[in-house]
Amino acid sequence: MQIASTEVNGVTLIRVEGRMDAPAAPEAEDAFREVIDAGATRVVIDLSGVEYISSGGLRVIIMLMKSLEKARGRLVICNPSPFVSEVFEITHLSRRIPIYPNQEEALTAAAT
Amino acid sequence: MYDNLSNLPTVPVAEGAEAPADEFVWPVGAVIEGRYRVEEVLGGPGHSGMGIVYILNSRDGRVAAKTFQQQFAMDHQLIQRFLREAATWMLIGFHPNIVRAYGIDIIEVVPYLFMEYVERDPSGAVSLADRLARRKLAIPEILDLAIQCCDGMVHAESAVPDLVHRDLKPENLLIAPDGALKITDFGLVRCRMNQRTSGPPDDDASQPTGDGSGSDGLGLTQSGSAIGTPAYMAPEQFVDAENVTRLADIYAFGCCFYEAIAGRRLFTIRSSTPMEHITRAREMHRTHAPVPLEAHRPDCPASLDEVIMTCLEKDPANRWADFADLRERLKRVLKDEFGIAYTPRSMPPPAPRDVANQMRSLTLLDGYNRAVGMRHLRAHRNRNPYAFHLALASYFRTHGEPEEELRQLRKAARVRGRERGYEVVRRLADRLVEDGELDEAGALMDEFLARRPDDVDFILEPYVAWLIARREWDRAERLLADHTPSLRVEQMQVQLYRASGRLDRIADLRRRRAHTVIDNLRRTIAAIAPGDQIGWDQPGDPDLLKQILADAAPDIDLAVFDRVEHIYWPDMAACPDFSADMAWLSVAAGDLADPALGAPEPERARYARWARILGHPRRIERYVDRDELRLWTGEPDNPAAAPVLLSAYPSLSEP
C-alpha cells in the first residue's frame, strides 16, 4: 500500500493505493496521524487506487473521522471502487462520511 | 453466510426463555434468537476445556458458533482471551486455509463467534487427527496438506503482527471433503495487538497445565491456564510460553506432520497424571532426539525427513526461519520427489458484506470488552441481560456508532419483553422516530401504553417526537399541556413549535427561560460566601460567566468569584454548581439568536453573542452526555461509575 498526501486550497488530499487491509493498517494509521498532528482539519481521502478494504482498513478511516470530528473538522471520501463503495454502504459509514465520485467535487465539499 | 443470517427478521425467544444460567447449554433442537437451530453441541459442562461449540442450522446453511461455558462467565481473564481470539480471527480476514470467521454476536449477554462449518468427509473425519486415526495418508497428500498449512500461517502472520498460534495440532487442522486444509482455534493466540486498530488487549497467563492426546481424556487444551498441548509444544514453550515466537509454531507444525508421516506421535509419553504427562513431555521435547522418519515410513524421502527434522530442532535458531521458507522447501520436495506442482487452494473473494460483518464485529468486541471490564455492569450481566444490552447500546451511542446502538436496543427489547422495561421502549422508539421508522415506533409505544396506560410520561420524548413527525400538532400540544412546566417539557414544546412553524411561541418560552436562568444565577451568587466551593463544567467557565453577567446583570458583584474555590466536573461535590444554568442559558440564547424567531436588534445580536461565548450547541450536548460519556471513557472500576450507571440506567436496579 502506498500513501501520499498533498494540500490543495487548504484541504489535505490523501491518496491511497493498494490493499487497505490489516497488514497495511498500521502504516495508514501512522500516515493519518501525521496529517492530524500537522493540524489538518479538512481531509479528502482518494480511494481510487484501493481495490480492497478490510475491517482493519475501515477502522483506521473511522479513527481518522473521529479525530477530525473532535477537531470540528471534516473528512470526505472520493473515487471508491464498487467494492469499497458497497462496504461503506453496508456499514452505514456512507451516512457519516460524505462520498463523492471524483476528486474535484470532494475537494469542494471539504473546503466549504 | 452469516451476513445473510444477520439480516433475517428477529423473532422473540421462546416463551419462558431466560438468560443462560450457570451450566446453561442450548439443547439440541433449540432455536436461538429465532434464527439458528441447534444441531449439535461440542464440549460444554462435564467435558474438559472451557469452550463450547454449537453447530447451528439456519435457512442459509450450517455455521459453527463458539462461546465459553457459563460457569466461566465471571472469569475476566478467560473472557479477555476469548475476545482476543475473536478479534484476531476478524483481523486475519479471509483465506482458503483458515477457517472463516463470519462475525461476532452477543446473544443474551454472551459473545458468540460465528465460523465456517467444515463438513465431515464420508468416513466422518473432519480433522487431520480424524484422518490419521482412520488410515495412513500417502506422502504427496501429506505434503499437500503441509503446504496448505504453511499458506494459512503465512497469511495469518501477515495480517496480525507477531501472531503465534501456540496450539497447532492435528485436531486444529480441519480438512474439508475437497481436501482443503483449514487452520482453526486461535484460542491461545499470542500477538502484538495494536490497541488502536484492534479489540481487546493482549494479557495472557502462562501457567502450563494440561493435555495429552485427543483420546486419553486430557485432550482439550485448558484455556485460562494452559499454553498449548504438550504433545506439540516446542521446548521453549514449556519454559516461557509468553515470549515464544513463530518458531514455536514451526516446531508444532513439525510435530503434526511428523505424526502424519510416521503414523505415530513424535514422542510416546506414558503417564498416570496430567502433571506427570506435562513433565515427561517437557523432558522429551527438550532432550530426546526424534526417531528418523524413515524408520517408521520407508517411503518417506530423505529430503522430507530433513525438512521436518529442521522444524523439530531443539534450538529455535536452528529451525526454518518462517512459514514462507518452510513452504518453499516442502513445495520443492513435492516437485522433485513426486513430480507434482503444488496448486494453492482458492476461494471466492470476500463480498463487501463479509468485510462489513467483520468490521461490525470488531466494533462490537470493543463495546463488549469495555462493558465486561466494568465490575458493576459485569455483576448485572447474567441476571439482567436486558440492562446489559441497554448499557451496550449506551456505549455505542456515546461512541458514535448508531447502527450498533440500534441493534443492541432491539436485543434489549427482545430478551426482556417490552412490557417490563420502559427504558428500552423510550430509547428504541427515540431512535426509530429519528430514523423515520414511524410505524415501528408507533407499534412499540402503543404496545407499551396498552399495558401501562398511565405511564406515558416514561416515554414522553419519543411519543411527542412521533406525534410531531406525524404532524399531529394539537395532540402533541394537549399532551404537553397536561404536564407540569419544566425544562424537559419546554424542550419538547420548542420542538413542536419549530415543526409547526409557531416560532413566536419559541421566542416567548426562551426569553422566559433566559430570564429565569439569570434570576437563578443572581440568587445563587448572592448566597456565596468567601471560601465557598463553586462547581463548574470546565476550566474557563468562570470567566465566560463573568462576560455574560457583565452584560446581562451588571448589578451582580462578580468579585465574589475571586474569593471562592473553583471545582470542575467531574470532581465537584455537593456545592453550588453553575454548569446547568450555563447549559440552559446557552440553549435559550442559541434559539433567540435565530433570525427566524424575529427577535429585534440589538436583542438578537446580544443573544448571538451569549450563544457564542457559551459555546452553543456543544455546551448542552456535553452537559447532557457528560456523565454517560465518562462512564464509558473513564477507569472501568472507578467507584463513581456505579451511581452514574444507575442514574443513566434505572433498569439496572430493577429486579
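Residues numbered from 1 in each chain as written. Chains lettered and ligands numbered in written order. Predicted model: local features only at pLDDT ≥ 70, side-chain atom pairs only at ≥ 80, totals over all residues. Heavy atoms only, no water.

### Notes on the nonpolar core
Residues and elements named next belong to chain B.
Working step 1: Phe-253, Phe-257, Leu-326 and Leu-330 are the most contacted members of the largest nonpolar core, which totals 127 residues.
Working step 2: The element that contributes the greatest number of residues to this core is helix 6 (residues 246–262), accounting for 13 residues.
Working step 3: Leaving out residues up to four positions away in the same chain, Leu-326 has contacts with Cys-150, Ile-250, Phe-253, Val-307, Cys-311 and Trp-320. (Core = buried A, V, L, I, M, F, W, Y, C linked by side-chain atoms within 4.5 Å. Buried < 20%, exposed > 50% of the residue type's maximum accessible area, 1.4 Å probe, protein only. Helix = DSSP H or I, 4+ residues; strand = E, 2+ residues; numbered from the N terminus. Contact = heavy atoms within 4.5 Å.)

### A few points about the side chain of B:Lys411
Residues and elements named next belong to chain B.
Working step 1: Mapped onto the elements, Lys-411 comes out in helix 14 (residues 402–416).
Working step 2: The exposure class of Lys-411 is buried, given its relative accessible area of 3%.
Working step 3: Only 2.9 Å separates the side chain of Lys-411 from the backbone oxygen of Ile-106, close enough to count as a polar contact.
Working step 4: Not counting residues up to four positions away in its chain, the partners in contact with Lys-411 are Glu-33, Arg-35, Asp-105, Ile-106, Ile-107 and His-389. (Polar contact = N/O pair within 3.5 Å; in protein donor to acceptor, adjacent residues only side chain to side chain.)

### Here we look at helix 19 (residues 487–500) of chain B
Residue and element names in this part refer to chain B.
Working step 1: Here helix 19 spans 20 Å end to end across 14 residues, near enough to the 20 Å set by a 1.5 Å rise per residue.
Working step 2: Where helix 19 is concerned, the buried positions are Val-489, Glu-490, Met-492, Gln-493, Val-494, Leu-496 and Tyr-497.
Working step 3: In this structure, the buried side of helix 19 is in contact with helix 17 (460–469), helix 18 (473–481), helix 20 (503–526) and helix 22 (579–592).
Working step 4: Note on helix 19: the residue one or two positions beyond its end, Gly-501, has a positive phi of about 80°. (Expected span 1.5 Å × (residues − 1).)

### Let's talk about helix 24 (residues 618–633) of chain B
Residues and elements named next belong to chain B.
Working step 1: Over its 16 residues, helix 24 extends only 18 Å from the first C-alpha to the last, a length that falls short of the 22 Å expected when each residue adds 1.5 Å.
Working step 2: Approximately 55° is the largest bend angle found in helix 24, and it occurs at Arg-626.
Working step 3: When helix 24 is considered as a whole, its buried residues turn out to be Arg-619, Ile-620, Arg-626, Glu-628, Leu-631 and Trp-632. (Bend = angle between axes of the 7 residues up to and from the residue.)

### Some remarks on the interface of chain A and chain B
Working step 1: On the chain B side, the residues contacting the 26 residues of chain A number 27 residues.
Working step 2: For the pair chain A and chain B, the summed buried surface comes to about 2,100 Å²; carbon and sulfur atoms form 58% of the total.
Working step 3: Linking chain A with chain B are four salt bridges, by the criterion used here.
Working step 4: Residue A:Arg96 pairs with B:Glu401 through a salt bridge whose shortest N-O separation is 3.6 Å.
Working step 5: Between chain A and chain B we count five residue pairs in polar contact (both at pLDDT 80 or more) in total. (Buried area = accessible area lost by both parts, 1.4 Å probe. Salt bridge = Lys/Arg side-chain N within 4 Å of Asp/Glu carboxyl O.)

### Observations concerning the environment of B:Arg297
Residue and element names in this part refer to chain B.
Working step 1: Assignment of secondary structure puts Arg-297 in the loop between helix 8 (293–296) and helix 9 (302–311).
Working step 2: For Arg-297, a relative accessible area of 3% gives the class buried.
Working step 3: Considered as a pair, Arg-297 and Ile-139 are 158 residues apart in the sequence and their alpha carbons are 9.5 Å apart.
Working step 4: If sequence neighbours within four positions are ignored, Arg-297 has contacts with Lys-136, Leu-137, Ala-138, Ile-139, Ile-142, Ala-260 and Ile-261.

### With respect to the pattern of salt bridges
Where charged atoms from two side chains of opposite charge come close, those side chains can pair.
Working step 1: For the structure shown, the criterion picks out 66 salt bridges over all chains.
Working step 2: Here A:Arg15 makes a salt bridge to A:Glu17, at a shortest N to O gap of 3.4 Å.
Working step 3: One connected set of salt bridges, linked through shared partners, spans B:Glu33, B:Arg35, B:Asp105, B:Arg360, B:Glu404, B:Arg407, B:Lys411 and B:Arg414.

### Re the confidence of the model for chain B
All names here are of chain B.
Working step 1: The share of residues in chain B with pLDDT of 70 or more is 85%, and the mean pLDDT across the chain is 84.
Working step 2: Within chain B, the element-level pLDDT minimum falls on helix 1 (residues 2–6), averaging 29, and the maximum on helix 10 (residues 323–338), averaging 98.
Working step 3: Overall, residues 1–21 carries pLDDT values under 50, and its contacts beyond four positions in sequence, including any with other chains, amount to 47 contacts.
Working step 4: The low-confidence segment residues 194–226 (pLDDT under 50) makes 103 contacts with residues lying over four places distant or belonging to another chain. (pLDDT = per-residue confidence, 0-100.)

### A few points about the sheet that holds strand 6 (residues 110–116) of chain B
Residue and element names in this part refer to chain B.
Working step 1: The strand order across the open sheet built from six strands is 1-2-3-4-6-5, with neighbouring strands paired in antiparallel fashion. Edge strands, defined here as strands with exactly one partner in the open sheet, are strand 1 (31–32) and strand 5 (101–107).
Working step 2: Two elements, strand 3 (residues 51–58) and strand 4 (residues 61–68), share eight bridges in a ladder whose sense is antiparallel. Its bridge partner lying in strand 4, Ser-58 is registered against Gly-61.
Working step 3: Here helix 2 (residues 76–92) sits on the sheet in contact with strand 4, strand 5 and strand 6, set at roughly 35° to strand 6. (Pairing = 2+ DSSP bridges. Axes fitted to C-alpha atoms, helices over the stretch in contact; angles between N-to-C directions.)

### Quick notes on the pairing of strand 4 of chain B
All names here are of chain B.
Working step 1: The buried count for strand 4 comes to six of eight residues, which makes it a mostly enclosed element.
Working step 2: Turn length for the strand 3-strand 4 hairpin, with the two strands adjacent in sequence and antiparallel, is two residues.
Working step 3: As paired strands, strand 4 and strand 6 are joined by four bridges and run antiparallel to one another. Bridging across to strand 6, Val-63 finds its partner in Glu-116.

### Here we look at the sheet that holds strand 4 (residues 74–78) of chain A
All names here are of chain A.
Working step 1: Ordered by their spatial adjacency, five strands build an open sheet running 1-2-3-4-5, and the pairing between neighbours is mixed. Strands at the two margins of the open sheet, each flanked by one partner only, are strand 1 (2–8) and strand 5 (99–100).
Working step 2: Sheet topology places strand 2 (residues 11–17) next to strand 3 (residues 42–49); five bridges connect them, and they run parallel. Bridged to Arg-15 within strand 3 is Asp-46.
Working step 3: The strands touched by helix 2 (residues 55–70) within the sheet are strand 3 and strand 4, with strand 4 carrying the most contacts at an inclination of about 145°.

### With respect to the packing of helix 21 (residues 541–552) of chain B against helix 23 (residues 603–614) of chain B
Residue and element names in this part refer to chain B.
Working step 1: Relative orientation of the contacting elements helix 21 and helix 23 amounts to 165°, with a least axis distance of 9 Å. Between helix 21 and helix 23, the interaxial angle falls into the category roughly antiparallel. Of the two elements, helix 21 crosses helix 23, and the hand of that crossing is left-handed. Seen from helix 21, the contacting residues are Leu-544, Gln-547, Ile-548, Asp-551 and Ala-552; seen from helix 23, they are Arg-606, Arg-609, Trp-610, Ile-613 and Leu-614.
Working step 2: Counted by class, the contact of helix 21 with helix 23 contains six nonpolar, one polar and three charged residues. (Parallel < 35°, antiparallel > 145°, perpendicular 65-115°, else oblique. Left-handed = near helix turned anticlockwise from the far one by under 90°. Nonpolar A, V, L, I, M, F, W, Y, C, P; charged D, E, K, R; others polar.)

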